[in-house]
Structures are given as C-alpha cells and as structure tokens.
Amino acid sequence: MLGALALPLLPATTASAAPAAVPAALARSCHDLPPLPYEVHTAAVTIRSKATTKSTALGVLYKSHKFTVHKKSGNWFYITDKTTGVKGWVSGTYVYRDVRMCLS
C-alpha cells in the first residue's frame, strides 16, 4: 500500500513580477578578472639555482616578500624576489596561486 505525501501549498507568483535588479558590480563575470597573485604559503622557501632540491641555495623567499614568477617547469617556478633581487627556482609545493571559482 502506498502512502500519500502531503506538500504545503505555495502562493503562485504572477507573470508580471519583475526580477530584482542586479547591481553592475555583481553582474560582472569573474572570468574577466585578472588572475590572483602568487603567494608564499609557508614561513619561507629556499630559492635555488636549479629546479631541484639538490641544487645550490641562493637565498630565502619569505612570506612577506613580493616576487615575480617568470616561468614554470614541472612543479617549480623561476622567480625574482622583489625585496632582495635574487632570481632562482622555488618549489610549487610552497608557492602557488589561489584560484577563483566562477559560478556564472
């Protein structure tokens, strides 16, 4: 024997009801926004001469430092530390870019 399911009655909306206006700032697609910057997600990471942990250490990239990513090789980034001027490779395990999730 099947039982009946009781559902509450909802008032019907009229077809003439206009949708709420969306502010221009919210209407902009997040696909149009520039990518988020790279950041150090640990206290510090070693800047190396080659894209390997066995290469010579050239310096330290601290979380507070600003830096530019020039290229990527595997999970390594070739960067310039804007604070110290040191150029070298850092591991993508500790340096990465957050991403936006666009729902539109």
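Residues numbered from 1 in each chain as written. Predicted model: local features only at pLDDT ≥ 70, side-chain atom pairs only at ≥ 80, totals over all residues. Heavy atoms only, no water.

(A) Quick look at the overall build of the chain. Each helix and strand in the chain was counted, giving 1 helix and 7 strands. Each helix (α) and strand (β) of the chain, taken in turn from the N terminus, gives the series α-β-β-β-β-β-β-β. Evaluated residue by residue, the chain yields a buried proportion of 20% over its 104 residues. The contacts in the chain between residues at least 6 apart in sequence include a share of 44% that link residues at least 24 apart. Counting every atom, the chain has about 8,200 Å² of accessible surface; 60% of that belongs to carbon and sulfur. (Helix = DSSP H or I, 4+ residues; strand = E, 2+ residues; numbered from the N terminus. Buried < 20%, exposed > 50% of the residue type's maximum accessible area, 1.4 Å probe, protein only. Contact = heavy atoms within 4.5 Å. Areas by Shrake-Rupley, 256 points an atom, 1.4 Å probe, with all protein chains shown as cover.)

(B) Just the side chain of Ser91, in detail. Relative to the helices and strands, Ser91 resides in strand 6 (residues 87-91). One polar contact links the side chain of Ser91 to the main-chain amide nitrogen of Thr93, over a distance of 3.1 Å. When residues no more than four places from it in sequence are discounted, the contact partners of Ser91 are Val45, Asn75 and Trp76. (Polar contact = N/O pair within 3.5 Å; in protein donor to acceptor, adjacent residues only side chain to side chain.)

(C) The arrangement of the nonpolar core in detail. Grouped together as the largest cluster of nonpolar side chains are 9 residues: Val40, Val45, Ile47, Leu61, Phe67, Phe77, Ile79, Val90 and Val95. Once residues lying within four places of it in the same chain are set aside, the contact partners of Ile79 are Ile47, Leu61, Phe67, Thr68, Val69, His70, Val86, Lys87, Gly88 and Val90. (Core = buried A, V, L, I, M, F, W, Y, C linked by side-chain atoms within 4.5 Å.)

(D) Molecular detail of the packing of aromatic side chains. Per the counting criterion, the structure on display carries 2 aromatic pairs. For Lys71, the ring lying beneath its charged end belongs to Tyr78, and the centroid distance is 5.8 Å. (Phe/Tyr/Trp six-rings, centres within 6.5 Å; stacked < 30°, edge-to-face > 60°. Lys NZ or Arg CZ within 6 Å of the ring centre and 35° of its normal.)

(E) Structural context of the environment of Tyr96. Mapping Tyr96 onto the fold places it in strand 7 (residues 95-97). Once the C-alpha coordinates of Tyr96 and Phe77 are considered, the two residues, 19 residues apart in sequence, prove to be 9.0 Å apart. Residues contacting Tyr96, with those up to four places away along its chain left out, are Pro37, Tyr38, Glu39 and His41.

(F) Quick look at the side chain of Asp81. Mapped onto the fold, Asp81 is located in strand 5 (residues 76-81). For the buried residue Asp81, which engages in no salt bridge, the nearest side chain bearing the opposite charge is Lys82, 9.4 Å off. A polar side-chain atom of Asp81 sits 3.2 Å from a polar atom in the side chain of Thr84. Setting aside its immediate chain neighbours within four residues, Asp81 contacts Ile47, Val60, Leu61, His65, Lys66, Phe67 and Val86. (Lys, Arg positive; Asp, Glu negative; His and termini not counted. Salt bridge = Lys/Arg side-chain N within 4 Å of Asp/Glu carboxyl O.)

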